[in-house]
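The chain contents come next:
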Amino acid sequence: RENCDHDQKYNPENYKNQIEFSQAFGCRKESIQGGQFQVRENSLFKSNGKVYCSLIEKGGRYREAPCLAKYQGSIESKYNIQERESLTKEQFIETYYNSNSNYLFDNYTSKIDNHAFRAEYATNLYKELAEQKETVIKNDYRGYDSTILKEVSEALGHSRISVVVDHYLREND
């Protein structure tokens with residue numbers, strides 16, 4: 001998606017932390033503010049040196065989105081992140097509802113196109129994973145490595161790699 005006219009009618013400085021968070025984890029707008037499972041401090045966790053965000057979004061789908069490396073330091077400095085292991089959806093829901101953890105954000109604007117941040121996240125995550133890959137990168141799915149696409153797809157909360165290629169990856173980024 002390209003920038004729309006309404007994307008220009010807000011001051012990004014007013015939403016700097018929310019935008020950075022969206023870029024770091026590829027989350028949808030309702031996770032930032034207003035959704036049933038809006039992000040809280042206990043949504044964030046660290047495992048094996050990597051920061052993740054537990055999210056339940058569209059269709060009730062649960063995912064643990066890895067933080068992009070370029071944002072990890074900033075995210076760690078702003079939020080209280082506990083070391084823990086991955087959770088199932090049921091464990092997360094129980095933890096989420098039984099916590100006194102505060103919401104991370106109390107405002108956001110509908111004028112921001114979070115889908116653009118998800119596309120940026122997908123592109124950057126694909127590049128990160130490709131750089132970390134120890135074997136030869138295959139171009140076995142429309143010019144991309146299908147094993148990396150699968151990881152990106154799961155990080156975005158999708159099942160099909162075609163969705164990632166068709167709607168998220170940007171060659172020019």
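I will try to describe carefully the structure that is included in this document.

### Quick word on the sheet that holds strand β4 (residues 82–83)
- Pairing within the open sheet is mixed, and its four strands lie in the order β3-β2-β1-β4. Strand pairing shows two members of the sheet lacking a second neighbour, β3 (61–66) and β4, which therefore form its edges.
- Pairing analysis gives six bridges linking strand β2 (residues 50–57) to β3, with the strands arranged antiparallel. Residue pairing in the sheet places Glu57 in a bridge with Arg61 of β3.
- Against the sheet, helix α4 (residues 89–97) contacts β2 and β3, and its axis sits at roughly 90° relative to β2.
- Each of β2 and β3 is contacted by helix α5 (residues 114–132), which is oriented at about 55° to β3, the strand it contacts most.

### Some points on the pattern of salt bridges
- Considering all chains together, one arrives at nine salt bridges under this definition.
- As a salt-bridge pair, Glu128 and Lys50 come within 4.0 Å of each other at their nearest N and O atoms. A residue pair is termed long-range when its members are at least 10 positions apart, and Glu128 in helix α5 and Lys50 in strand β2 qualify at 78 residues. For the residue pair Glu128 and Lys50, the accessibility class agrees, reading buried in each case.
- Notably, a salt bridge pairs Asp166 with Arg142, separated by 2.4 Å at the nearest N-O pair. Linking Asp166 in helix α7 (residues 161–167) with Arg142 in the loop between α5 and α6 (146–156), this pair joins segments that are 24 residues apart in sequence.
- Three or more residues joined by partner-sharing salt bridges are found here, namely Arg28, Glu57 and Arg63.

### Describing the pairing of β2
- A large share of β2 lies buried, amounting to seven of its eight residues.
- Linking two consecutive strands that pair antiparallel, namely strand β1 (residues 44–47) and β2, is a turn of two residues; a positive phi of about 55° is found at Asn48 within it.
- Hairpin connection between β2 and β3: a loop of three residues separates the two successive antiparallel strands, and Gly59 in this loop has a positive phi of roughly 70°.

So, how was this worked out
- Residues numbered from 1 in each chain as written.
- Predicted model: local features only at pLDDT ≥ 70, side-chain atom pairs only at ≥ 80, totals over all residues.
- Heavy atoms only, no water.
- Pairing = 2+ DSSP bridges.
- Helix = DSSP H or I, 4+ residues; strand = E, 2+ residues; numbered from the N terminus.
- Contact = heavy atoms within 4.5 Å.
- Axes fitted to C-alpha atoms, helices over the stretch in contact; angles between N-to-C directions.
- Salt bridge = Lys/Arg side-chain N within 4 Å of Asp/Glu carboxyl O.
- Buried < 20%, exposed > 50% of the residue type's maximum accessible area, 1.4 Å probe, protein only.

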